[in-house]
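# Overview (structure and organization)
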Amino acid sequence: MTTIATRIPVLLLAADPILRNGLRTTLQSRPEIRVVDEDDSTMDTVVIVATDRIDDTVKQTLRSLQCRRIAKVVLIAGELDDADVLAAVENGVSAVARRSDVDADILVRLANAAMSGEGVLPPDLLGRLLGRVSRLQRQVLEPRGLHIAGFTDRETEVLRLLAQGLSTSEIAKQLSYSQRTIKSIVHDVTNRFQLRNRSHAVAFAMREGLI
């Protein structure tokens, strides 16, 4: 049974009060979640930013959270495109979803993912981004004899599986490594390139054409 002490604290940020109150009502019915006010939030609070579209105001909110070193950020948006997803991740967001896809169960899953440092992206957008990067690798890098600079083959494989949405345990099983080894690889990559979390590492690798 979930106790109050183990419930995930969640802070809701939305310019639209109807949207914010709707999310609050949905989450307050879930025993896994404890909705908190900004005065009660801490570094361990998951922040859910909800909006119709990612405009300059939302980007400023994300940058502000990043400056405050708040790493557990979920973005729920009505409209999303490839550029929006990359911009969100670069501004510290660890989980992204469309409003039309979100229900109570998904909100809890996103909050859990953010709390544990896992990245979540919409499958269709992730597929298009991976396809674009694959074409870049095949059509631009390989004909020039270029290699995936800065990453070992093992690191590249781990990042590729992270981009596919696999968990640490799933990656460890598929590559026949221990979970500790996978965590160490991700830690080394994020430290070496000064990245904030797993989602940022995947976005960085994708933007640079590394996976």
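Residues numbered from 1 in each chain as written. Predicted model: local features only at pLDDT ≥ 70, side-chain atom pairs only at ≥ 80, totals over all residues. Heavy atoms only, no water.

Turning next to the pairing of strand β5 (residues 95-98). Burial along β5 is two-sided: Ala-95 and Ala-97 facing one way and Val-96 and Arg-98 facing the other are all buried. Running through helix α3 (residues 82-90), the crossover from strand β4 (residues 73-77) to the neighbouring parallel element β5 is right-handed. (Buried < 20%, exposed > 50% of the residue type's maximum accessible area, 1.4 Å probe, protein only. Helix = DSSP H or I, 4+ residues; strand = E, 2+ residues; numbered from the N terminus. Right-handed = clockwise from strand over helix to strand, strands pointing away.)

In an α-helix, one turn spans 3.6 residues, which is why side chains three or four residues apart end up on the same side. Along its 13 residues, helix α4 (residues 104-116) runs 19 Å from first to last C-alpha, staying within 8% of the 18 Å computed at 1.5 Å per residue. The inward-facing, buried residues of α4 contact β1 (8-14), α1 (17-28), β2 (33-36), β3 (46-51), β4 and β5. The opening residue of α4 is Asp-103, an N-cap whose side-chain oxygen sits 3.2 Å from the backbone nitrogen of Asp-105. A positive backbone phi angle near 85° is found at Gly-117, which sits one or two residues after α4. (Expected span 1.5 Å × (residues − 1). Contact = heavy atoms within 4.5 Å. Polar contact = N/O pair within 3.5 Å; in protein donor to acceptor, adjacent residues only side chain to side chain.)

Below, the discussion takes up the pairing of β4. For β4, the tally of buried residues reaches five of five residues, placing the bulk of the element in the interior. The side-chain alternation of β4 yields two buried faces, one formed by Val-73, Leu-75 and Ala-77 and the other by Val-74 and Ile-76. Each parallel crossover has a hand, and the one from β3 via helix α2 (residues 56-67) to β4 is right-handed. Where β4 and β5 come together, four bridges link them in parallel fashion. Bridge pairing in β5 links Val-74 to Ala-95. (Pairing = 2+ DSSP bridges.)

Orientation of helix α6 (residues 153-163) relative to helix α7 (residues 168-175), taken along the N-to-C sense of each, is 130°, at an axis distance of 10 Å. By the angle between their axes, α6 is oblique relative to α7. Between α6 and α7 lies a crossing whose hand is right-handed. Across from Glu-157, Val-158, Leu-161 and Leu-162 in α6, the residues of α7 making contact are Ile-171, Gln-174 and Leu-175. (Axes fitted to C-alpha atoms, helices over the stretch in contact; angles between N-to-C directions. Parallel < 35°, antiparallel > 145°, perpendicular 65-115°, else oblique. Left-handed = near helix turned anticlockwise from the far one by under 90°.)

This brings us to helix α8 (residues 179-192). End to end, α8 covers 20 Å across 14 residues, agreeing with the expected 20 Å (1.5 Å per residue, within 8%). Within the span of α8, buried status applies to Ile-182, Ile-185, Val-186, Val-189 and Thr-190. Seen from one end, α8 has its buried residues packed into an arc of 125°, which puts them on one side. Residue Gln-194 follows α8 closely and has a positive phi angle near 55°. (Arc of directions from axis to C-beta.)

For the rest of this paragraph, the subject is the pattern of salt bridges. Per the counting criterion, the structure on display carries seven salt bridges. Among the salt bridges present, the one from Asp-105 reaches Arg-30, with a minimum N-O distance of 2.5 Å. Highlighted residues: Asp-105 in helix α4 and Arg-30 in the loop between α1 and β2, separated in sequence by 75 residues. Overall, the relative accessible area of 17% leaves Arg-30 in the buried class. Put simply, Glu-157 and Arg-160 hold a salt bridge, and the shortest N to O gap is 2.3 Å. Placement of both Glu-157 and Arg-160 in helix α6 is noted, with a separation of three residues, approximately one turn of the helix. In this structure Arg-160 comes out as partly exposed when scored by relative accessible area, which is 31%. (Salt bridge = Lys/Arg side-chain N within 4 Å of Asp/Glu carboxyl O.)

Glancing now at unusual backbone geometry. You will see that Ser-176, though not glycine, has its phi angle at about 60°, which is positive. When you line up the elements, Ser-176 lands in the loop between α7 and α8. On the basis of relative accessibility, which here comes to 66%, the residue Ser-176 falls in the exposed class.

This paragraph deals with the sheet that holds β3. Within the open sheet, the five strands sit side by side as β2-β1-β3-β4-β5. Their pairing is parallel. The open sheet is flanked by β2 and β5, the only strands paired with a single partner. Looking at each pair of strands side by side, their axes are set apart by 25° on average, direction ignored. Its contacts with the sheet put α1 on β1, β2 and β3, and the angle it makes with β1 is roughly 165°.

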